[in-house]
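Structural description and commentary
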2 protein chains.
Amino acid sequence: MSPSAIPVDVRGETDTSAVVVPDPLAINALAAWRTDGAVPTGTAAFSSSDMFKSPACFTRPKAKRWDHILSTEAKARKPSTLKAAAAYLKRPGMISLGGGLPSSENFPFEEISVKVPSAPGFSEEETKKTGKTLTAGKHDISEGKSLLDLEVGLNYGQSMGFAQLLRFVTEHTEIVHAPPYADWQCCMTVGSTYSWDATLRVLCERGDYILTEEYSFVSALETAAPLGIKAAAVTMDEQGLRADALDEVLTNWDEKARGARKPHLLYTVPSGQNPTGATQGAERRAEVYKVCQKHDVYIVEDEPYYFLQMQPYKANVPPPSSREEFLKLLLPSFLKLDVDGRVLRLDSFSKVLAPGSRVSWIVGAEQLLERFMRHFETSVQNPSGFSQIPFFKLLDEEWGHAGYIDWLVHLRLEYTRRRDDMLHACEKYLPQEITSWEPPSAGMFHWIEVSWKKHPGFAKGQSHADIEEAIFTASVDRGSLLSRGSWFRADHSIPEDKMFFRATYAAAPADKIDEAIKRFSEALRAEFSL
Amino acid sequence: MSPSAIPVDVRGETDTSAVVVPDPLAINALAAWRTDGAVPTGTAAFSSSDMFKSPACFTRPKAKRWDHILSTEAKARKPSTLKAAAAYLKRPGMISLGGGLPSSENFPFEEISVKVPSAPGFSEEETKKTGKTLTAGKHDISEGKSLLDLEVGLNYGQSMGFAQLLRFVTEHTEIVHAPPYADWQCCMTVGSTYSWDATLRVLCERGDYILTEEYSFVSALETAAPLGIKAAAVTMDEQGLRADALDEVLTNWDEKARGARKPHLLYTVPSGQNPTGATQGAERRAEVYKVCQKHDVYIVEDEPYYFLQMQPYKANVPPPSSREEFLKLLLPSFLKLDVDGRVLRLDSFSKVLAPGSRVSWIVGAEQLLERFMRHFETSVQNPSGFSQIPFFKLLDEEWGHAGYIDWLVHLRLEYTRRRDDMLHACEKYLPQEITSWEPPSAGMFHWIEVSWKKHPGFAKGQSHADIEEAIFTASVDRGSLLSRGSWFRADHSIPEDKMFFRATYAAAPADKIDEAIKRFSEALRAEFSL
């Protein structure tokens, strides 16, 4: 499909046929075709990433079809009768007595304002001094002041979210990931926790196994378990998921022994994995993708920590000197490698703006995204307008893509500082003879291995669980709370040979991190009689 | 359990043993035990309605047990491992490196403000002139300025929502509904659409039937269908669901013929039912409840329109003269009648504050609510903090319960005016010989019966569907969109003897309502050759 063949009904009136688009998309290239006229601003207006993708996207091949992995539930979903009726609203002069939408005159909110940092003064102190107040009024759209207001933003919406913010998210996705197939879509959701719950319901049946890291995000496993979905554990190394181990699990899958069909879905956290902090390098990602192609496995990449990729530890590397350099430093996502359209990316603002916003989005092949949107229509509908409005004001109207990238660079350095504080404390306090770790290169988590077989209890026959419990309790008793590695085991039937504790450097300030690691160290010394 | 036996750990330090609580709870009675000290204000702090219910609640008998209606999925849910670890945070001096919560210094929001009406100046114009701006800062809690701030409100939360708003919702529930059993709970959710999706997953299995009105909210049916849950239609009259018909369906349930066990769940919209606008009177509700007791049926009351109960039509009744009179005018909810704890109330701010907020709550027996909270922990988590913060500022800090009741009285009169506009237009334009209706006493919907057998096509053998389609199309062609009654049929296998169109008076202004009904009338006249 050539750029000039982009359907006008979804792409508005802009003539994009002459636009040459760099691949990946450069931030300033957007100006060539971005027009506010392309953004539908009606109440509960339909929109689609296709309205906002660059012309180059449409020249690429389409994704593979995924009919064979849709669940019974997902296959049975039909479009909403009432939302379909909204199509008649496009006719000029139509008066609707159809939908049960309240009138905005009865919303007791006349204005919403947020005080935000002006780039590059991103710190709390700078924001207090130089921060800017962004205001959305009730009728800004009809008054020509903004593309989004309270009249639209506080009423019902469509399941992909408000076009105004969907545009930003779509463009951001293209700038960072440049998916190498044509028919990718973004859809806003209410947090990756929910995106994952929905994914399991859209793509799995009761009794299925999913593939995941041997230590995996425990909440993700707890989402799957009540649905009757079990985890098949894949061995990890310092780069997280091992591609060869993945191939092995799949190649040797024994349907009879497992009592389940061969898994068709991989759940992975490639960057700053929770709980291990491991990050898959570019080559590893390509290997994993290849194994998934070989066994026709669909990949769900849960990437809340993607932009918490940090500076190398103790390498004295200067911060990225430009936005372009920053973008180049980022590891390729699975989405970026995804020539087949076999990746669902769970993306989120939780770790980079604020988790309480409950605003996130998913990216994937149109065929599957359409099923997700049907799912959302009868469940969560769309993220809160009270969240989407400030995010639109901040990201699109105030910062733009350039300012948002600057913010992400700021976060990169913030997390580098925090990670360094954590590692310095560990180097200072932890007994070297029984602890070891890899410096994390992304995310929020430091994963500390403890040589539990050197614990005096081991010789006396104490179990892994007993010794882990003893260390955990000793630390808690000293006022330091870490997470136990065993909490994150994907498959509790496999005996645990190693022992780990997870410590986050995201929350506490430097002095508290120092003190907590000191206490944990004292607990270890007491337990190991050092 | 006597009031003095209320466990102190959940009810704080207040000595409530001497408090005499009126039943139902009067607004000003709250002052006797309400203390801000009872509100947990920590990041992601646990809370419970028990912290905020009046002492009298605890003297009532407990709800029945509902183990026998829990789904396979709901029974399998375990408490979140990571959220359980948060219990250790209560120990004094504990430093947590446990949970992956980002630090609020990295939230790029320093303040949020909303401009809201000052009671009683509720209109848009009055708000512009006399409205008040409410502001939440990032560290208002530690600075002693407020119980809720951005540091807490924009971070992760617990599945019941933030204690600050949960308190208001709990008190509001007690003031309005005074549930007649002890262990009721409220839990915030992200909209009743989702509450209903969760309800089906918590209480039903694939293959089940649920009971509902013969014309029912089509989105609710569309939520159930992909889960393999069918609707058993119960005949309605001008008061909606008929208790005798419900008894009949249940008494004569033929498991073999239906291929399903006897239904154990009723889904009903008692006030201003969608789509019929019918409202069950107090006696009808008591009858329905009794039938549900007889057959041990659990009741889900979906009540978005409860506070859109209006003044009687053309009766020239003056508006309620006091808050107490307003509350007395409200029909009793099923929750108010619920001596067994067999009611789940789906409550919502969507129709009374703003649907885009995606803030709602459910009320029901503690045993079931605990299962819902587990469900939310691994799915939607909690409503957006960007929504909860303004709602808390407006409802709790600014209006209080008194001001909120005043707002609801204001809405009652607003909707009365809108309903009257609709009925006046119908009286003015619609051909009497082929249309009839009951004036709605609650909600957003006017349900117009059309005598389709008088349509010239009927004698020529045209079907119900054909004639409905012809009228719909004729109206759309004239620029007036109403909803077709058949869209809302609970059971499409039962032939439809009557024909209806649904018109809402919630959205359009008076002149547009007038014009749309005029156009619909012209369509009818053309179709019926009048």
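A quick note: this is a predicted structure, and the numbers were derived from the prediction, not measured.

Brief notes about helix α6 (residues 163-177) of chain A
Residue and element names in this part refer to chain A.
- Compared with an ideal rise of 1.5 Å per residue, which puts 15 residues at 21 Å, α6 spans 20 Å between its outermost C-alpha atoms and is within 8% of the ideal.
- For α6, the buried fraction is high: 15 of the 15 residues fall into the buried class.
- A178 occupies a position one or two residues after α6 and carries a positive phi of about 40°.

Considerations on the packing of aromatic side chains
- Taken as a whole and assessed by the stated rule, the structure comprises 53 aromatic pairs over all chains.
- Judged by centre distance (5.9 Å) and plane angle (15°), the rings of A:F109 and B:F391 are stacked. Pair noted here: A:F109 is in the loop between β1 (95-96) and β2 (111-116) and B:F391 is in helix α14 (residues 385-429), and the two residues belong to different chains.
- Classification of B:F391 by relative accessible area gives buried; the value is 0%.
- Judged by centre distance (4.6 Å) and plane angle (10°), the rings of B:W447 and B:F500 are stacked. One end of the pair, B:W447, is in strand β14 (residues 445-450); the other, B:F500, is in strand β17 (residues 500-504), and 53 residues separate them in sequence. Across this residue pair, the class does not change: B:W447 and B:F500 are buried.
- Through a chain of ring-to-ring contacts, the aromatic side chains of A:F109, A:F386, B:F168, B:F349, B:W361, B:F391 and B:Y404 assemble into a single cluster.
- Sitting over the ring of A:Y306, A:R345 keeps its end group 4.7 Å from the ring centre.
- In this structure, B:R489 packs its charged tip against the face of B:Y215, placed 5.0 Å from the ring centre.

Comments concerning the nonpolar core
- Ranked by size, the top nonpolar core spans 281 residues in total, and within it A:F349, A:L353, A:Y404, B:F349, B:L353 and B:Y404 carry the most contacts.
- Beyond its immediate stretch of four places on either side in the chain, A:Y404 contacts A:F168, A:H172, A:F349, A:V352, A:L353, A:L395 and A:W399.

Quick word on the UniProt feature "domain: Aminotransferase class I/classII large" (unreviewed entry) in chain A
- As recorded in UniProt, the feature "domain: Aminotransferase class I/classII large" (unreviewed entry) lies at residues 185-520 of chain A.
- Helix makes up 41% of residues 185-520 of chain A and strand 17%, with an end-to-end C-alpha separation of 46 Å.

Comments concerning the side chain of B:D302
Residue and element names in this part refer to chain B.
- For D302, the position within the fold is in strand β10 (residues 298-302).
- Of the side chains with opposite charge, K351 lies nearest to the buried D302, which makes no salt bridge, at 7.7 Å.
- At 2.5 Å, the side chain of D302 and the side chain of Y267 are in polar contact.
- The residues contacting D302, other than those within four sequence positions of it, are S192, Y267, T268, V269, P270 and L346.

Topic: the domain arrangement of chain A
Residue and element names in this part refer to chain A.
- Looking at the assigned domains, one finds that chain A contains domain 1 (179-310 + 320-367) and domain 2 (410-527).
- Look at where the C-alpha atoms of domain 1 and domain 2 centre, and you get two points 25 Å apart.
- Between domain 1 and domain 2, the residue contacts involve 27 residues of the former and 25 residues of the latter.
- Buried area between domain 1 and domain 2, summed over both chains or domains, comes out near 2300 Å², and the portion from carbon and sulfur atoms is 64%.
- Three residues stand out in domain 1 for area buried against domain 2, namely Y215, L308 and M310, and they jointly supply 34% of the buried area on that side.
- Counting across the domain 1 and domain 2 interface gives 1 salt bridge.
- The closest approach of N and O atoms between R489 and E214, which form a salt bridge, is 3.8 Å.
- Our count for the contact surface shared by domain 1 and domain 2 stands at 9 residue pairs in polar contact (both at pLDDT 80 or more).
- Within the residue set of the side of domain 1 that touches domain 2, elements represented by two or more residues are β5 (209-213), α8 (218-224), β6 (230-234) and α12 (323-329).

A look at unusual backbone geometry
Residues and elements named next belong to chain A.
- Across the junction of A119 and P120, the peptide omega takes the value 0°, indicating a cis bond.
- Residue placement: P120 occurs in the loop between β2 and α4 (124-130).
- Cis geometry marks the peptide bond from N274 to P275, where omega comes out at 20°.
- With respect to the helices, strands and loops of the structure, P275 is situated in the loop between β9 (265-268) and α11 (282-294).

Quick word on the sheet that holds strand β14 (residues 445-450) of chain A
Residue and element names in this part refer to chain A.
- Overall, antiparallel pairing links the 4 strands, which are arranged β13-β14-β17-β16 in an open sheet. Each edge of the sheet is formed by a strand with only one pairing partner; in this case those strands are β13 (435-436) and β16 (483-484).
- Relative to strand β17 (residues 500-504), β16 runs antiparallel, the two sharing 2 bridges. Bridge assignment links S483 to a residue of β17, and that residue is R502.

Some words on the relation of the copies chain A and chain B
- When chain A is fitted onto chain B, the two copies agree to an RMSD of 0.0 Å after a turn of 180° and an axial shift of 0.0 Å. In short, the pair behaves as if placed about a two-fold rotation axis.
- A share of 100% of interface residues in chain A that are also interface residues in chain B marks the association as one of identical surfaces.

Some words on the sheet that holds strand β11 (residues 343-348) of chain B
Residues and elements named next belong to chain B.
- Strand order in the open sheet formed by 7 strands is β4-β12-β11-β10-β9-β5-β6, with mixed pairing between adjacent strands. Each edge of the sheet is formed by a strand with only one pairing partner; in this case those strands are β4 (184-189) and β6 (230-234). Pairs of neighbouring strands in the sheet enclose a mean axial angle of 25°, with direction left out of account.
- Sitting on the sheet, helix α7 (residues 192-203) touches β4, β5 (209-213), β9 (265-268), β10, β11 and β12 (360-365), and the angle it makes with β11 is about 160°.
- Of the strands in this sheet, β5, β6 and β9 are in contact with helix α9 (residues 243-251), which crosses β6 at around 130°.

Quick notes on the confidence of the model for chain A
- Overall, the prediction assigns chain A a mean pLDDT of 94, with 95% of residues at 70 or greater.
- Per-residue pLDDT stays below 50 along residues 1-18 of chain A; that stretch engages in 27 contacts with residues further than four places along the chain or on separate chains.

Thresholds applied
- Residues numbered from 1 in each chain as written.
- Chains lettered and ligands numbered in written order.
- Predicted model: local features only at pLDDT ≥ 70, side-chain atom pairs only at ≥ 80, totals over all residues.
- Heavy atoms only, no water.
- Helix = DSSP H or I, 4+ residues; strand = E, 2+ residues; numbered from the N terminus.
- Expected span 1.5 Å × (residues − 1).
- Buried < 20%, exposed > 50% of the residue type's maximum accessible area, 1.4 Å probe, protein only.
- Phe/Tyr/Trp six-rings, centres within 6.5 Å; stacked < 30°, edge-to-face > 60°.
- Lys NZ or Arg CZ within 6 Å of the ring centre and 35° of its normal.
- Core = buried A, V, L, I, M, F, W, Y, C linked by side-chain atoms within 4.5 Å.
- Contact = heavy atoms within 4.5 Å.
- UniProt positions renumbered as here; feature names shortened; annotations may be inferred.
- Lys, Arg positive; Asp, Glu negative; His and termini not counted.
- Salt bridge = Lys/Arg side-chain N within 4 Å of Asp/Glu carboxyl O.
- Polar contact = N/O pair within 3.5 Å; in protein donor to acceptor, adjacent residues only side chain to side chain.
- Domains from an automatic or database assignment.
- Buried area = accessible area lost by both parts, 1.4 Å probe.
- Pairing = 2+ DSSP bridges.
- Least-squares fit on C-alpha atoms with pLDDT ≥ 70 in both.
- Axes fitted to C-alpha atoms, helices over the stretch in contact; angles between N-to-C directions.
- pLDDT = per-residue confidence, 0-100.

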